[in-house]
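Coordinates in review
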Amino acid sequence: MSLPYYLSVFQPDKFGSKTFAMRQSALLLLMVLFCLSGYSQKDGEQAIGQRTEKERAIESQIDAFLNSWNRHDFSDMKNYIAEDCDFVNITGMHWKGRENIQYAHQTYHDDFFKATPMEKRSVRIRFLKPDVAIVHMVWHIGEFIAPDGKKWGGNDDLATIVFVQREGRWMITALENVQIVAEVQQFDPVKIRAKSTE
């Protein structure tokens, strides 16, 4: 139906100005709802399909960390790890401060991680404040032989990372990494509930 049709429907008629006013109100409401639905859809597409400037800056810092890992050289860690950072690795080792974090990483990469790659799989960013963000990143670590002689890796891990913006740069201030154990994912009660309601 064309715009002239809608305009003709909302012209004054024999029912008088009260009916005309009601029709005008209804038309106005429909137009507002139409505009709002278009606005919401556009915003949703932007959130899914595009990164904001802040999100791109954060992901760039994640890429810098992965680049250090895959070069097995953490001499540039000051560019993305805050001086007062807390880092908990997959085995529960808790390293406090950038100096200790850098030393631990470089020690391991000079030894059993020296040929182990790391690949980013997915990144989800949520802002707690304009200068604080929490990131959940899935990354894949290659296989390696640990100091105890056991074979590890070849799996996905999930890192929870807290970023803070300091002097215009996003820095990692806390990171904890856990292994995603594929065999037990089927027992996740939240996923089970979601499937039961489909």
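The written sequence of each chain sets the order in which its residues are numbered from 1. Owing to the predicted nature of the model, reporting of local features is limited to residues with pLDDT of at least 70; listing and counting of side-chain atom pairs is limited to 80 or more, with chain, interface and lining totals taken over all residues. Side-chain numbers come from the whole structure's heavy atoms, not from hydrogens or water.

**Comments concerning the overall build of the protein chain**
Let me state the cut-off plainly: Labels follow the DSSP assignment, with helices taken as runs of H or I lasting at least four residues and strands as runs of E lasting at least two, numbered in each case from the N terminus. For every residue, the accessible area obtained with a 1.4 Å probe (protein chains only) is divided by the maximum for its type, and the residue is called buried under 20%, exposed over 50%, and partly exposed between those limits. What makes two residues a contact is simply this: any of their non-hydrogen atoms within 4.5 Å. Values of accessible area rely on a 1.4 Å probe in the Shrake-Rupley scheme; residue burial ignores everything except the protein chains shown.
For the protein chain, the count of helices and strands is five helices and eight strands. Out of the 198 residues in the protein chain, the part that is buried amounts to 29%. By sequence separation, contacts in the protein chain at least 24 residues apart represent 47% of the contacts at least 6 residues apart. As presented, the protein chain carries roughly 13400 Å² of accessible surface, and 57% of it is formed by carbon and sulfur atoms.

**Examining the sheet that holds strand β3 (residues 118-129)**
Our working rule: Strand pairing requires that DSSP identify at least two bridges connecting the strands. A fitted line through C-alpha atoms serves as each axis, taken over the contacting stretch for helices, and the angle formed by two N-to-C directions is quoted from 0 to 180°.
With mixed pairing, the six strands of this open sheet are ordered in space as β2-β1-β8-β7-β4-β3. In the strand order of this sheet, the two ends are held by β2 (94-96) and β3, each with one partner. Mean inter-strand twist for the sheet, computed between neighbouring axes without regard to direction, equals 15 degrees. With three bridges connecting them, strand β1 (residues 81-88) and β2 associate as antiparallel partners. Residue pairing in the sheet places D86 in a bridge with K96 of β2. Helix α3 (residues 53-71) rests against β1, β3, β4 (132-141), β7 (155-166) and β8 (169-179) of the sheet, and its axis sits at about 145 degrees to β3. Set on the sheet, helix α4 (residues 98-109) makes contact with β1 and β2; between it and β1 the angle comes to about 60 degrees.

**Remarks on a nonpolar patch on the surface**
Rules: For patch building, the residue pool is restricted to those with more than 30% relative accessible area and no salt bridge; the joining distance is 9 Å between like charges and 5 Å between nonpolar side chains (Val, Leu, Ile, Met, Phe, Trp, Tyr). Salt bridge criterion: a side-chain nitrogen from Lys or Arg within 4 Å of a carboxyl oxygen from Asp or Glu.
Taken together, V181, V184 and F187 make up a surface patch of nonpolar side chains, about 270 Å² in accessible area. Locating F187 in the fold gives a position in the loop between β8 and α5 (189-196).

**Here we look at unusual backbone geometry**
Unusually for a residue other than glycine, H72 sits at a positive phi of about 60 degrees. One can find H72 in the loop between α3 and β1. Positive phi values are uncommon outside glycine, yet E167 reaches one of about 50 degrees. Mapped onto the elements, E167 comes out in the loop between β7 and β8. When its relative accessible area of 87% is taken as the criterion, E167 is described as exposed.

**Details of the confidence of the model for the protein chain**
To keep it simple, the criterion reads: Note: pLDDT gives the predictor's confidence per residue, expressed from 0 to 100.
Per-residue confidence for the protein chain gives a mean pLDDT of 82; residues scoring 70 or more make up 75%. With pLDDT under 50 throughout, residues 1-15 is counted as low confidence; its partners more than four residues away or in other chains account for 10 contacts. Note on residues 19-23: pLDDT is under 50 here. Beyond four places in sequence and across chains, it has seven contacts.

**Overview of the pairing of β4**
Looking along a regular strand, one sees the side chains alternate between the two faces of the sheet. Burial analysis of β4 places eight of its 10 residues in the buried class, the great majority of the element. Looking at chain direction, β3 and β4 are connected through 10 bridges and run antiparallel. Paired with S122 across the bridge in β4 is V138. Hairpin connection, β3 to β4: the antiparallel pair is bridged by two residues. Of the pairings in the sheet, the one linking β4 to β7 comprises 10 bridges and is antiparallel in character. Bridge pairing in β7 links H140 to D156.

**Description of the packing of aromatic side chains**
Note the threshold: Ring pairs are drawn from Phe, Tyr and Trp, using the six-membered ring of Trp, whenever the two centres fall within 6.5 Å, and their geometry is named by plane angle: stacked under 30 degrees, edge-to-face over 60, tilted for the rest. Sitting over a ring, as applied to charges here, requires NZ of Lys or CZ of Arg to be within 6 Å of the ring centre and within 35 degrees of the ring normal.
Per the counting criterion, the structure on display carries 13 aromatic pairs. When the centroid spacing of 5.8 Å and the interplanar angle of 45 degrees are considered together, the rings of F65 and W139 count as tilted. Placement of F65 in helix α3 and of W139 in strand β4 is noted, with a sequence separation of 74 residues between them. Residue classification places W139 among the buried positions, given a relative accessible area of 2%. Put simply, the rings of F65, W69, F74, Y80, F87, W95, Y108, F112, F113, W139 and F144 pair up and form one aromatic cluster. Above the face of the F127 ring, K54 is positioned so that its terminal group lies 5.8 Å from the ring centre.

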